[in-house]
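One letter stands for each residue in the lines below.
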Amino acid sequence: AKQLIERIIYAEGAENGLEFTIVRPFNWIGPRMDFIPGVDGPSEGVPRVLACFSNGLLRGEPLKLVDGGQSQRTFLYIKDAIEAVHLMI
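Not measured: the values here are computed from a predicted model.

Undergrad: Describe the overall build of the protein, with residues and values.
TA: Along its length, the protein carries three helices and two strands. Its helices and strands in sequence order give the protein the pattern α-β-α-β-α, from N to C terminus. For the protein, the proportion of its 89 residues judged to be buried stands at 9%. Long-range pairs, those at least 24 residues apart, make up 42% of the contacts in the protein with a sequence separation of at least 6. When the accessible area of the protein is evaluated, it comes to approximately 7,700 Å², of which 56% is carbon and sulfur surface.

Undergrad: Describe in detail the environment of Asp80, supporting the description with residues and values.
TA: For Asp80, the location among the structural elements is in helix H3 (residues 78–88). For the pair Asp80 and Ile29, spaced 51 residues apart in the sequence, the C-alpha separation amounts to 9.9 Å.

Undergrad: So what about the confidence of the model for the protein? Which residues, and what values?
TA: Of all residues in the protein, 83% attain a pLDDT of 70 or more, and the chain-wide mean is 81. The spread of mean pLDDT over the elements of the protein runs between helix H2 (residues 49–59), the lowest at 80, and helix H1 (residues 2–16), the highest at 95.

Parameters at a glance
Here the residue numbers are simple positions, counted from 1 along each chain's written sequence. Where local features are concerned, this predicted model is filtered to residues with pLDDT of at least 70; where side-chain atom pairs are given and counted, the filter is 80 or more; whole-chain, interface and lining totals use all residues. Hydrogens are left out, water is left out, and the side-chain values use all remaining heavy atoms of the structure. Strands are runs of DSSP state E lasting at least two residues, helices are runs of H or I lasting at least four, and both sets are numbered from the N terminus onward. Exposure is judged per residue with a 1.4 Å probe applied to protein chains only, and the accessible area is read against the type maximum: over 50% gives exposed, under 20% gives buried, and values in between give partly exposed. We call two residues contacting when some pair of their heavy atoms lies within 4.5 Å. For every accessible area listed, the method is Shrake-Rupley and the probe measures 1.4 Å; residues are considered covered only by the protein chains on display. What pLDDT reports is the predictor's confidence in each residue, on a scale of 0 through 100.

And the structure:
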């Protein structure tokens, strides 16, 4: 869905001269983030990566790694994310 809307915006820019900037936020973390699925957050679906790690650590369970731990993630503290969006606007 994200890529589709980005392509629609790009097409509108190419066809009608729409000026645009696309910002695709990544993993934001902060103090009000839910971290225990079913307790502090939704019980259905797949929890975020920090939720999975926190849950495993608190329960003494093995941490589940994607691709054997080869995948990498980048995280940004919410205060810094808000400042970045403010600067972009």
